[in-house]
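Remarks on the overall topology
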Amino acid sequence: MSKKGLLRGYVIANWPVYLFAVLLIIASNVGQASLPRILGSFTDQLMQNTLQMNTVIRYSLSLLAIAIAYNLLFGTGQFMIMKLGRRFEFMTRERIFGKFSELSEHYFSKQGNGKLLSYVMNDVTSVREAISNGVTMMTNATFLLLSCIVMMLLSGIPMRLILISIVPLLAIPFLVVFFGPRIRKRSRDVQDALATMTESAEEQLGGIRVTKTFAIEDSARERFGLTVDAIKSKQLRLVRLSSLFQALLPLLGAISLVVSLLVGGILTMQNSITLGSFVALTLYLRIIMGPLQQIGNVINTMQRSGASLERVNDLLTEVPDVRELPHATSLQAVNDIKIENLSFSYPGSLSPALKNISLNIQAGRTVGIVGKTGSGKSTFVKLLLRTYEPPEGTIRINDTDIRQLSLESLRSRIAYVPQDGFLFSTTIRDNIAFSDREVPLDTVEHSARQAMIYENIIRFPDRFDTLLGERGLTLSGGQRQRTSLARGLIKKAQVLILDDSMSAVDAVTESGILRSLREIGKGKTTLIISHRISAVRHADEIIVLDEGRIAEQGTHAGLMAAKGLYAATYRLQEEGLHHD
Ligand SMILES: Nc1ncnc2c1ncn2[C@@H]1O[C@H](COP(=O)(O)OP(=O)(O)OP(=O)(O)O)[C@@H](O)[C@H]1O
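In the nomenclature of an unreviewed UniProt entry, the protein corresponds to ATP-binding cassette subfamily B protein from the organism Paenibacillus pabuli. Here the protein is described in UniProt, under the heading Subcellular location (unreviewed entry), as follows: "Cell membrane".

Set out below in structure tokens:
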């Protein structure tokens, strides 16, 4: 898609409706532009004393007919364009949301949620306003201007008088060329600053509890104030420029009127033109002031929305870091997972998070991964799920490089439970049955029992129908973690990955969950990642990661006998437990 693709594509797809609406607006303008001509001829008849009652009535009815026709035609045209604008807004928000689901975690960590929200809210609205109001006003203004000029010529007003009167208007294109790009540049600055403010507001709200517990509300307010100040000064710069531009166009119109009054007045005194022509000319120039003001307005809106359109187009043309091949293979079943010489550095990071990892995970086995914080455990899982793209040929499932697989088929075969599983503002039941909303309540309850959260849930007044989040109940950290665990356990997937998913539960609950896992894990490939050795000691194989490398590998008994890092960590943790 080209930079302008979004809007152009939309207008091309809807051109017959746009054309029809524009024609209606043009027709309404032609009618309106005949008003001064009618009034001019009325004045001449009045001066010549040739007016009769039925002529007066005819003139009045003509004016009424023009007014009604104008309202009908303009109203319908404007409604059609507004409707198209709203549809554009709706479609663009959907496309942006679709794009969000394509983009990788890396993109989101780079951009920040606030900035992305501002695309969906501020930018889309700004483009919609331009294509609704902008198209209506631009068509209206341009054709009213042109119709007035044509009608002036048809009204018998001498050509030289018209030309002299509209000379000041010739400066308009120069003003547009001068101001347009400058307004656009300043608008982009404002939109960027708005995005930064949304981002800052989002972060401040997210961290409000921390801010309060540290009693640093004042400095938080000050920091937010800085982003607001940045918008204020950028907005003032924009407003200064756009107001100047908007004021200059009517000024040109006013100069035209002055010229027409001066030259037209002299010609009327010399009887070179009729009084009717003079009245018509001044009325035309008065009417022209409206479109001129509108054109200034529209150009301002268009420039502002142009900046927003650029931002939205930039987002929609963003190429995701993790992409599917055109003919990606669909993964039907997971047998063996082979990892060979896997090294990985995060984009922009100098030191690798994983170094030379080689590992075979046979189907149906349980593998524990332990290691101190920052040793690369979560990175390993992210690569397995292709949240980040692993280097070519380093991770294979059933001998196929996972980069050849479709993302949907890969991810739907894996149930992943992160440490801080996000819960949505809906019922507990819907949160647990996230992978398949149709599963019966018994199955949801069964998973809740396995995750040791059932007893908590049935004590809530609405049990599994209890609402969570903004309009509902707030769960404790441990309850949240176990609800998210139940969500992973219910998923019908051949591979289960628990990424530190029991860190917020006590030792007794953990051992209950581990018992369930041994039951669920039958026939499933299970990866348990943990700081705590108690969570992995029953695994068929344990991998000890240290600074991105496999430091040790084996069963619990084997690793204990080796008396290395694993055995030392185990002793430390056991001692901690006994001291508690
Ligand atoms: N998105 C990221 N961008 C850059 N570096 C990252 C990113 N995520 C993790 N890292 C770095 O990669 C290294 C491994 O991190 P990882 O999250 O895999 O460790 P971990 O063993 O899971 O730690 P923990 O037990 O604390 O969750 C760390 O040095 C970390 O700083």
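Moving on from the model shown.
1. Observations concerning helix H17 (residues 477–490)
Taking 1.5 Å of rise per residue, the 14 residues of H17 would be expected to cover 20 Å, and the 20 Å separating its terminal C-alpha atoms lies within 8% of that figure. Among the 14 residues that make up H17, 12 are buried, leaving the element largely enclosed by the rest of the structure. What H17 keeps buried is the set Gly 478, Gln 479, Gln 481, Arg 482, Thr 483, Ser 484, Leu 485, Ala 486, Arg 487, Gly 488, Leu 489 and Ile 490. On the buried face of H17, the contacting elements are strand S6 (414–417), helix H14 (428–432), helix H15 (441–450), helix H16 (454–458), strand S7 (495–499) and helix H18 (507–520).

2. Quick look at the site of the ligand
In the vicinity of the ligand lie 13 residues, with Thr 373, Lys 377, Ser 378, Thr 379 and His 531 positioned nearest. The separation between an oxygen atom of the ligand and a polar side-chain atom of Thr 373 is 2.5 Å. Side-chain polar atom of His 531 to an oxygen atom of the ligand: 2.8 Å apart, as the coordinates give it. When the ligand sits alone it has 630 Å² of accessible area, and the protein chains cover 63% of it. Counted by class, the shell around the ligand contains three nonpolar, seven polar and three charged residues.

3. Description of empty space enclosed by the protein
Here the structure, examined in full by the defined rule, presents one cavity of 30 Å³ or more. If you add up the space inside the largest cavity, you get close to 40 Å³. Around the largest cavity, the lining residues are Ile 357, Leu 359, Ile 369, Phe 380, Ile 543, Leu 545 and Ile 550. Secondary-structure elements contributing two or more residues to the lining of the largest cavity are strand S2 (354–361) and strand S9 (541–546). Split by residue class, the lining of the largest cavity holds seven nonpolar, no polar and no charged.

4. Considerations on the domain arrangement of the protein
Split by domain assignment, the protein resolves into domain 1 (5–316), domain 2 (329–413 + 494–580) and domain 3 (422–492). Averaged C-alpha coordinates put domain 2 and domain 3 at centres separated by 25 Å. Roughly 1100 Å² is buried in total at the junction of domain 2 and domain 3, and carbon and sulfur atoms are behind 62% of that figure. Scanning the region where domain 2 abuts domain 3 turns up zero salt bridges. The interface formed by domain 2 and domain 3 holds three residue pairs in polar contact (both at pLDDT 80 or more) in total. When contributions to the side of domain 2 that touches domain 3 are tallied by element, the ones reaching two or more residues are helix H13 (407–412), S7 and H18. Considering every element that reaches the side of domain 2 that touches domain 3, the biggest residue donor is H18, with six residues.

5. Quick word on the environment of Ile 542
Within the secondary structure, Ile 542 is located in strand S9. Non-local contacts of Ile 542, meaning those with residues more than four positions away in its chain, are made with Gly 368, Val 370, Val 536, Arg 537, Glu 552, Gln 553, Gly 554, Thr 555, His 556, Leu 559 and Tyr 566.

6. A few points about the packing of helix H4 (residues 53–102) against helix H6 (residues 113–154)
At a closest axis distance of 9 Å, the pairing of H4 and H6 adopts a crossing angle of 160 degrees. It follows from the interaxial angle that H4 and H6 lie roughly antiparallel. In this structure, H4 crosses over H6, and the sense of that crossing is right-handed. Broken down by class, the residue content of the contact of H4 with H6 amounts to 15 nonpolar, eight polar and four charged.

7. Considerations on the layout of surface pockets
To find the voids left in a structure, one rolls a probe of water-molecule size over its atoms. In this structure, the largest pocket encloses a volume near 1600 Å³. Forming the boundary of the largest pocket are 33 residues, of which Tyr 416, Pro 418, Phe 422, Phe 424 and Phe 434 lie nearest the centre. Looking at the lining of the largest pocket, the elements with two or more residues in it are H4, helix H5 (105–111), helix H12 (377–384), H13, S6 and H17. Of the residues that constitute the lining of the largest pocket, the class distribution is 15 nonpolar, nine polar and nine charged. The computed volume of the second largest pocket comes to approximately 860 Å³. Around the second largest pocket, the lining is made up of 22 residues, and of these Arg 209, Phe 422, Leu 423, Gly 469 and Arg 480 lie nearest the centre. Of all elements in the fold, only helix H8 (172–206), helix H9 (208–213) and H17 reach the threshold of two or more residues within the lining of the second largest pocket. A per-element tally of the lining of the second largest pocket places H17 first, with three residues.

Rules used throughout
- Residues numbered from 1 in each chain as written.
- Predicted model: local features only at pLDDT ≥ 70, side-chain atom pairs only at ≥ 80, totals over all residues.
- Heavy atoms only, no water.
- UniProt positions renumbered as here; feature names shortened; annotations may be inferred.
- Helix = DSSP H or I, 4+ residues; strand = E, 2+ residues; numbered from the N terminus.
- Expected span 1.5 Å × (residues − 1).
- Buried < 20%, exposed > 50% of the residue type's maximum accessible area, 1.4 Å probe, protein only.
- Contact = heavy atoms within 4.5 Å.
- Near = heavy atom within 4 Å.
- Polar contact = N/O pair within 3.5 Å; in protein donor to acceptor, adjacent residues only side chain to side chain.
- Areas by Shrake-Rupley, 256 points an atom, 1.4 Å probe, with all protein chains shown as cover.
- Nonpolar A, V, L, I, M, F, W, Y, C, P; charged D, E, K, R; others polar.
- 1 Å grid on protein atoms, 1.4 Å probe; cavity = no way out; pocket = protein on both sides within 12 Å on 5 of 7 lines; lining within 4 Å.
- Points joined across faces, edges and corners; volume = space filled by probe spheres on them.
- Domains from an automatic or database assignment.
- Buried area = accessible area lost by both parts, 1.4 Å probe.
- Salt bridge = Lys/Arg side-chain N within 4 Å of Asp/Glu carboxyl O.
- Axes fitted to C-alpha atoms, helices over the stretch in contact; angles between N-to-C directions.
- Parallel < 35°, antiparallel > 145°, perpendicular 65-115°, else oblique.
- Left-handed = near helix turned anticlockwise from the far one by under 90°.

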